Amino acid sequence: MRTQIGIIGAGPAGLLLSHLLHLRGIDSVVLESRTREQIESTIRAGVLEQGTMDLLTEAGVGARMKAEGALHHGFELAFEGKRRRIDLTGLTGHSITVYAQHEVIKDLVAARIAAGGALRFGVSETSLHDIETDSPSIRYRHEGEACELQCDFVIGCDGSQGVSRASIPQALRKDFERVYPFGWFGILCEGPPSSEELIYARHERGFALISTRSRNVQRMYFQCDPKDSVDHWSDDRIWAELHARVDSHDGQKLVDGKIFQKNIVGMRSFVSATMQHGRLFLAGDAAHIVPPTGAKGMNLAVADVRVLTRALKAFYVENRTDLLDSYSETALKRIWRAEHFSYWMTSMMHRIEGASPFEQQLQVAELEYVTTSRAAATVMAENYVGVAAV
Ligand SMILES: Cc1cc2nc3c(=O)[nH]c(=O)nc-3n(C[C@H](O)[C@H](O)[C@H](O)COP(=O)(O)OP(=O)(O)OC[C@H]3O[C@@H](n4cnc5c(N)ncnc54)[C@H](O)[C@@H]3O)c2cc1C
């Protein structure tokens, strides 16, 4: 089989790229190792920057997001028994939308299928070949058969555990990494929101995030040992921990509900520089990871896709290669800004094991500053809504 663009991975990056290219008259095939049901039900991100919403809308998949997503004009930082609001819209003129990543995936899959797009689910043994030539290919197994997809370009959108990044020789790539000594315990529960806006809480027992998915489904997290097991946490123990970390702030009271999903995620910062080699380009988590504190992962994946779509269009329509040549350099500017912001939020909000009383007071002093100085609050707000990027 032959196509113009071979895309590995049907996450937000791969699906959106495929659809935007289709709208510009460029053919692609998306190869995904999981089933459609699996990708449409994996619970992950939920905070969309305005720029992400704009690109999804431009791609024609924004209707359900606009109807069902919740527009948030601010969020709260809770610390030392008080709650202070960061007024995103007042400080930047922008807002964010809470709309679950798996709903974005459903919208994109539906749009690809309606447009007759080529999506292959359940592929295995994916490997990349001849990426240093003008005719690269991807080999894989699908429904028991060995297949080969020949293309002009291979785009690795296969997330942090994919095969694409390893196809860039290690000698040409520099990996930057930081692993955090804590993780997030996440729950989904039935019930009304405990707060109209997200609450990021710093507490001596550890960080907690009160988020939402809809009027009836709530998403909450608390800092935990990344090696802990969900089996050690009964529903009662989870609620006791969340109440202890959140309720004390200015009369805030969490609303309990029936917990129907629990998971633990590790926290890592990672950047692969470069993000391209020959005819291979990486986008999204395949090239970079941020801890979820800044809500940037999916937004960065979408931002890569924006840069790559423009570059591929310039190649096919105007016969230009300059935007492809500078793809990595262009994308990495935004990525490093988001890496710094995510690291900063994480370091300021989490309980750091072994931190001295002096270091703990520095965290509090920083929170006092970003919630009382308009200039400092604007720095936080610009980064959160995604307009601080270069
Ligand atoms: C708890 C949590 C909360 C988060 N919250 C936010 C948030 O609020 N905002 C935000 O912006 N981001 C958030 N993120 C991050 C966000 O979910 C990711 O950054 C996003 O999924 C990246 O999209 P992607 O398309 O690059 O990769 P993925 O979504 O990882 O997609 C990659 C796809 O490639 C497939 N694949 C892998 N290997 C192969 C192979 N060999 N062959 C074929 N297919 C393959 C995988 O099955 C997968 O479907 C959060 C993440 C977590 C874990």
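Heads up: these notes are all about the structure in this document. Computed from a prediction, not measured in an experiment: that's the story for all the values here.

Sheet strands associate in pairs through backbone hydrogen bonding, adopting either a parallel or an antiparallel arrangement. Taking strand neighbours across the sheet as the criterion, the three strands line up as 3-7-4 in an open arrangement whose pairing is antiparallel. The sheet is open, and its two borders are formed by strand 3 (47-49) and strand 4 (70-72), each paired with just one other strand. The average undirected angle you get between the axes of adjacent strands in this sheet is 35°. Here strand 4 runs beside strand 7 (residues 96-98); their pairing, made up of three bridges, is antiparallel. Bridged to L71 within strand 7 is T97. Most of the contacts of helix 3 (residues 50-58) go to strand 3, to which it runs at about 80°, and overall it touches strand 3 and strand 7.

Right, let's talk about the site of the ligand for a bit. Around the ligand there are 33 residues in total, and A13, E32, Q101, D285 and M298 lie nearest to it. At 3.2 Å from an oxygen atom of the ligand is found a main-chain nitrogen or oxygen belonging to P12. At 2.8 Å, a side-chain N or O of D285 approaches an oxygen atom of the ligand. Protein chains shield 88% of the accessible area of the ligand, which is 1000 Å² for the free molecule. Mapped by element, the contributors of at least two residues to the shell around the ligand are helix 1 (12-23) and helix 8 (297-318).

What follows covers the pattern of salt bridges. Scanning the entire structure with this criterion turns up 29 salt bridges. E197 serves as the salt-bridge partner of R85, at 2.8 Å between the closest nitrogen and oxygen. Highlighted residues: R85 in strand 6 (residues 82-86) and E197 in the loop between strand 13 (174-190) and strand 14 (199-201), separated in sequence by 112 residues. The partner of R245 in a salt bridge is E241, and the shortest N-O contact between them spans 2.9 Å. Placement of both R245 and E241 in helix 7 (residues 235-246) is noted, with a separation of four residues, approximately one turn of the helix. For E241, a relative accessible area of 9% gives the class buried. By sharing partners, the salt bridges in this structure join R64, E68, E103, K106 and D107 into a single network.

When strand 10 (residues 137-142) meets strand 11 (residues 145-150), the two strands line up antiparallel, connected through six bridges. Its bridge partner being in strand 11, Y140 is matched across the sheet by C147. Two successive antiparallel strands, strand 10 and strand 11, enclose a turn made up of two residues, where E143 displays a positive phi of approximately 50°.

Right, let's get into the side chain of E32. Among the structural elements, E32 can be located in the loop between strand 2 (28-31) and helix 2 (36-41). Among all residues touching E32, those that are not within four sequence positions of it are G9, A10, G11, I39, R120, F121, G122 and V123.

Let us now look at the packing of helix 1 against helix 3. One can describe the packing of helix 1 onto helix 3 by two numbers: an axis separation of 10 Å at closest approach and a directional angle of 50°. With respect to helix 3, the axis of helix 1 lies oblique. Residues L16, L20 and L23 of helix 1 form the contact with helix 3, whose participating residues are L55, L56 and E58. Its residues assigned to classes, the contact of helix 1 with helix 3 shows five nonpolar, no polar and one charged.

Another aspect to go through is the nonpolar core. Ranked by size, the top nonpolar core spans 66 residues in total, and within it L16, I155 and L308 carry the most contacts. A per-element tally of this core places helix 8 first, with 10 residues. Discounting residues that sit within four places of it in the chain, I155 has contacts with I5, G6, I7, I8, L17, F281, L308 and L312. Grouped together as the second largest cluster of nonpolar side chains are 33 residues, F182, M348, M349 and Y384 included.

Under the definition given, this model contains 18 aromatic pairs. Taken together, a centroid distance of 4.7 Å and an interplanar angle of 45° make the contact between W184 and Y221 tilted. Of this pair, W184 sits in strand 13 while Y221 is found in strand 16 (residues 217-224), placing the two residues 37 residues apart along the sequence. Residue W184 is classed as buried on the basis of its relative accessible area of 1%. On the basis of relative accessibility, which here comes to 11%, the residue Y221 falls in the buried class. When the centroid spacing of 4.9 Å and the interplanar angle of 10° are considered together, the rings of F185 and F222 count as stacked.

To continue, consider helix 11 (residues 357-372). With 16 residues, helix 11 extends 22 Å between its outermost C-alpha atoms, agreeing within 8% with the 22 Å of an ideal straight helix rising 1.5 Å per residue. What helix 11 keeps buried is the set Q363, V364, L367, V370 and T371. Angularly, the buried residues of helix 11 cover 130° about the axis, an arc narrow enough to put them on a single face. Pointing more than 90 degrees away from the buried face of helix 11 are the exposed residues F358, Q361, Y369 and T372. Tucked into the core, helix 11 has its buried residues touching strand 5 (75-79), strand 6, helix 10 (327-349) and helix 12 (374-385).

Parameters at a glance
- Residues numbered from 1 in each chain as written.
- Predicted model: local features only at pLDDT ≥ 70, side-chain atom pairs only at ≥ 80, totals over all residues.
- Heavy atoms only, no water.
- Pairing = 2+ DSSP bridges.
- Helix = DSSP H or I, 4+ residues; strand = E, 2+ residues; numbered from the N terminus.
- Axes fitted to C-alpha atoms, helices over the stretch in contact; angles between N-to-C directions.
- Contact = heavy atoms within 4.5 Å.
- Near = heavy atom within 4 Å.
- Polar contact = N/O pair within 3.5 Å; in protein donor to acceptor, adjacent residues only side chain to side chain.
- Areas by Shrake-Rupley, 256 points an atom, 1.4 Å probe, with all protein chains shown as cover.
- Salt bridge = Lys/Arg side-chain N within 4 Å of Asp/Glu carboxyl O.
- Buried < 20%, exposed > 50% of the residue type's maximum accessible area, 1.4 Å probe, protein only.
- Parallel < 35°, antiparallel > 145°, perpendicular 65-115°, else oblique.
- Nonpolar A, V, L, I, M, F, W, Y, C, P; charged D, E, K, R; others polar.
- Core = buried A, V, L, I, M, F, W, Y, C linked by side-chain atoms within 4.5 Å.
- Phe/Tyr/Trp six-rings, centres within 6.5 Å; stacked < 30°, edge-to-face > 60°.
- Expected span 1.5 Å × (residues − 1).
- Arc of directions from axis to C-beta.

Remember, this is a structural readout, not a statement about activity or role.
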